Amino acid sequence: MMHRRFASTAMLLAVVGLVTASSALAQSVTNISGTLPALVAELTSHDYFLRGPHSDPRPYVSPQPALGLMFRAAKLLDCGQVDEAAKLASGAGYEVVRFVDRETREEYLVLREDLKSVQQVRGWGAYVLNPASEIPAIVEVPHPLDDANTAKVGAMVFANGARGLLLAGAQRDKADVPDLIDSIFHQVHVAWTGPWGKVAAWQIHGFAIEKHRFPENAKAVLSTGSGEVINEIVTLNNQLTERGIDGYAFNRLKAEDEVNQLINNGQPGVRFTSLAATKNEQGRHLRSIGGAFVHVELERAIRNDETQRQIAADAIAKSISETTTIANAQPRAASPTTPAREARRRTTGRKPA
């Protein structure tokens, strides 16, 4: 069935329309070096990233014909079949690059649009895999430009050992990937989180405090998208607080509930509904298969300050390492109906008030 669906690379190229015929022959993996921050800056530059319609006339191209192909390529890459992944990805105008960070000597695999074989970048995004990682977590950046400096935060978190880094390829006015299932971003998300959701996704966003009716000190707003309070949320809230960043979390508990008191100091969790990510497709996917999805909103003052960005990234990275382990890749959730006080104390080491 899959053979018939993609029986001919030439047929796929004809449907996509923006890939040259020579890309079908592109199978080799290129070796390059640099630094991870510079790589991420390049992948979110004009060469690889579509700006909004007012400043960039290049259109976002529907990836519908290539969705299955790119899912399979991402899956092969995740399984270590690098040459096979490169061969498959070339049929959709992508290339696999082996990247070595000159400073850390870490080696990464990059799945990005092949600028030599596409007539122009299509806005499908770029994806970085750490093949040596044993931490079952990926970091996602859906709005690298709209949410300024989130790509920098995401790169710093990823550098601490997460499995993958997903970077969207277009501003939200052209393709808002949290709303899309039929995007390459979502297909890589599904491929890299696994069929049972054992790989958690930590998605980095940004907000401006003046646009929301939040407490004035709110510098981070966390959510799973469903209103639950899981270990990842509690742990990250604690890590941020310990570093001087005031965080809150969307939830559907009563304001006086002990768990809400713990994370929100009594502020009703529904007060943060505007950043709840209830319709986020990556979150919906992971919840549907029992996985963990953490939606992290960082206020502009945090994202625009180099020191504060690093502090926030350290808090997220520490939370990832504390809540995902090799032996227990399935993140644990503490339901509001469980003995929440004891569950939170055991998970976070924090005594209840």
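Residues numbered from 1 in each chain as written. Predicted model: local features only at pLDDT ≥ 70, side-chain atom pairs only at ≥ 80, totals over all residues. Heavy atoms only, no water.

1. Describing the overall build of the protein
Right, on to step 1. Helix and strand counts for the protein stand at 13 helices and ten strands.
Right, on to step 2. Expressed as a percentage of the 353 residues in the protein, the buried residues total 56%.
Right, on to step 3. Sequence separation of at least 24 residues holds for 73% of the intrachain contacts in the protein that already meet a minimum separation of 6.
Right, on to step 4. Surface exposure of the protein reaches about 15,000 Å², of which carbon and sulfur atoms provide 50%. (Helix = DSSP H or I, 4+ residues; strand = E, 2+ residues; numbered from the N terminus. Buried < 20%, exposed > 50% of the residue type's maximum accessible area, 1.4 Å probe, protein only. Contact = heavy atoms within 4.5 Å. Areas by Shrake-Rupley, 256 points an atom, 1.4 Å probe, with all protein chains shown as cover.)

2. Thoughts on the layout of surface pockets
Right, on to step 1. In this structure, the largest pocket encloses a volume near 490 Å³.
Right, on to step 2. Contributing elements (two or more residues each) for the lining of the largest pocket: strand 7 (200-207), strand 10 (293-299) and helix 11 (300-303).
Right, on to step 3. Among the elements that take part in the lining of the largest pocket, strand 7 stands out by supplying three residues, more than any other. (1 Å grid on protein atoms, 1.4 Å probe; cavity = no way out; pocket = protein on both sides within 12 Å on 5 of 7 lines; lining within 4 Å. Points joined across faces, edges and corners; volume = space filled by probe spheres on them.)

3. A word on the packing of aromatic side chains
Right, on to step 1. Enumeration according to the criterion identifies six aromatic pairs in this entry.
Right, on to step 2. Measuring from centroid to centroid gives 5.9 Å for F207 and F214, while their planes differ by 70 degrees, and the two rings are edge-to-face.
Right, on to step 3. Overall, F207 belongs to the buried group, its relative accessible area being 4%.
Right, on to step 4. Here Y248 and F272 contribute two aromatic rings whose centre-to-centre distance is 5.1 Å and whose plane-to-plane angle is 25 degrees, an arrangement assigned as stacked. With Y248 in strand 9 (residues 247-249) and F272 in the loop between helix 9 (258-264) and helix 10 (281-288), the pair connects residues that are 24 residues apart, well separated along the chain.
Right, on to step 5. Among the aromatic residues, those joined into a ring-pair cluster are F207, F214, Y248 and F272. (Phe/Tyr/Trp six-rings, centres within 6.5 Å; stacked < 30°, edge-to-face > 60°.)

4. Describing empty space enclosed by the protein
Right, on to step 1. In total, this model carries one cavity of 30 Å³ or more according to the counting rule given.
Right, on to step 2. Estimated volume of the largest cavity: approximately 50 Å³.
Right, on to step 3. What lines the largest cavity is simply L43, Y48, R112, E113, V121, G125, A126, L167, A168 and G169.
Right, on to step 4. Looking at the lining of the largest cavity, its residues break down into six nonpolar, two polar and two charged. (Nonpolar A, V, L, I, M, F, W, Y, C, P; charged D, E, K, R; others polar.)

5. A few points about unusual backbone geometry
Right, on to step 1. Positive phi values are uncommon outside glycine, yet N265 reaches one of about 50 degrees.
Right, on to step 2. For N265, the position within the fold is in the loop between helix 9 and helix 10.
Right, on to step 3. The exposure class assigned to N265 is exposed, which follows from its relative accessible area of 64%.
Right, on to step 4. Although it is not a glycine, A277 adopts a positive phi angle of roughly 60 degrees.
Right, on to step 5. Here A277 lies in the loop between helix 9 and helix 10.
Right, on to step 6. A277 gets classed as buried once you look at its relative accessible area, which sits at 16%.

6. So, the pattern of salt bridges
Right, on to step 1. By the definition in use, this model includes eleven salt bridges.
Right, on to step 2. The partner of K116 in a salt bridge is E95, with the nearest N and O atoms 3.6 Å apart. With a gap of 21 residues between them, K116 in the loop between strand 3 (107-113) and strand 4 (126-129) and E95 in strand 2 (residues 94-101) connect regions that are remote in the sequence.
Right, on to step 3. Given a relative accessible area of 10%, E95 falls into the buried group.
Right, on to step 4. Here E322 and K318 are joined by a salt bridge, their closest N and O atoms 4.0 Å apart. One end of the pair is E322 and the other is K318, both in helix 12 (residues 306-323) and four residues apart, which spans about a single turn.
Right, on to step 5. Relative accessible area serves as the criterion here: at 38%, K318 is assigned to the partly exposed category.
Right, on to step 6. Salt bridges sharing partners connect three or more residues here, namely E95, R112, D114 and K116. (Salt bridge = Lys/Arg side-chain N within 4 Å of Asp/Glu carboxyl O.)

7. Regarding the nonpolar core
Among soluble globular proteins, nonpolar side chains are generally buried collectively.
Right, on to step 1. Of all hydrophobic cores here, the largest spans 51 residues; its most connected members are L43, V157, L165, W202, L236, V296 and I316.
Right, on to step 2. Residues within four places of L43 in sequence aside, it is in contact with Y48, F49, V110, R112, A126, V128 and L167.
Right, on to step 3. Membership of the second largest hydrophobic core comes to 35 residues, among which are V29, A66, L69 and A92. (Core = buried A, V, L, I, M, F, W, Y, C linked by side-chain atoms within 4.5 Å.)

8. Some points on helix 5 (residues 82-90)
Right, on to step 1. Buried residues of helix 5: V82, A85, A86, L88, A89 and S90, and no others.
Right, on to step 2. Packed against the buried residues of helix 5 are helix 4 (67-78), strand 2 and strand 3.

9. Structural notes on the pairing of strand 4
Right, on to step 1. Burial of the side chains of strand 4 extends over both faces: A126 and V128 are buried on one face and Y127 and L129 on the other.
Right, on to step 2. Judged from the three bridges that link them, strand 3 and strand 4 form a sheet pairing that is antiparallel. Directly across from L111, in strand 4, lies its bridge partner Y127. (Pairing = 2+ DSSP bridges.)

10. Things to note about the pairing of strand 5 (residues 135-141)
Right, on to step 1. Among the seven residues in strand 5, six count as buried, and that is most of the element.
Right, on to step 2. In this sheet, strand 6 (residues 162-167) lies alongside strand 5 in parallel orientation, the contact comprising five bridges. Paired with E140 across the two strands is L166, which belongs to strand 6.
Right, on to step 3. Remark: the strand 5/helix 6 (residues 150-158)/strand 6 crossover connection has right-handed handedness.
Right, on to step 4. Here four bridges tie strand 5 to strand 7, and the two strands are oriented parallel to one another. Across the sheet, V139 pairs through a bridge with W202, a residue of strand 7. (Right-handed = clockwise from strand over helix to strand, strands pointing away.)

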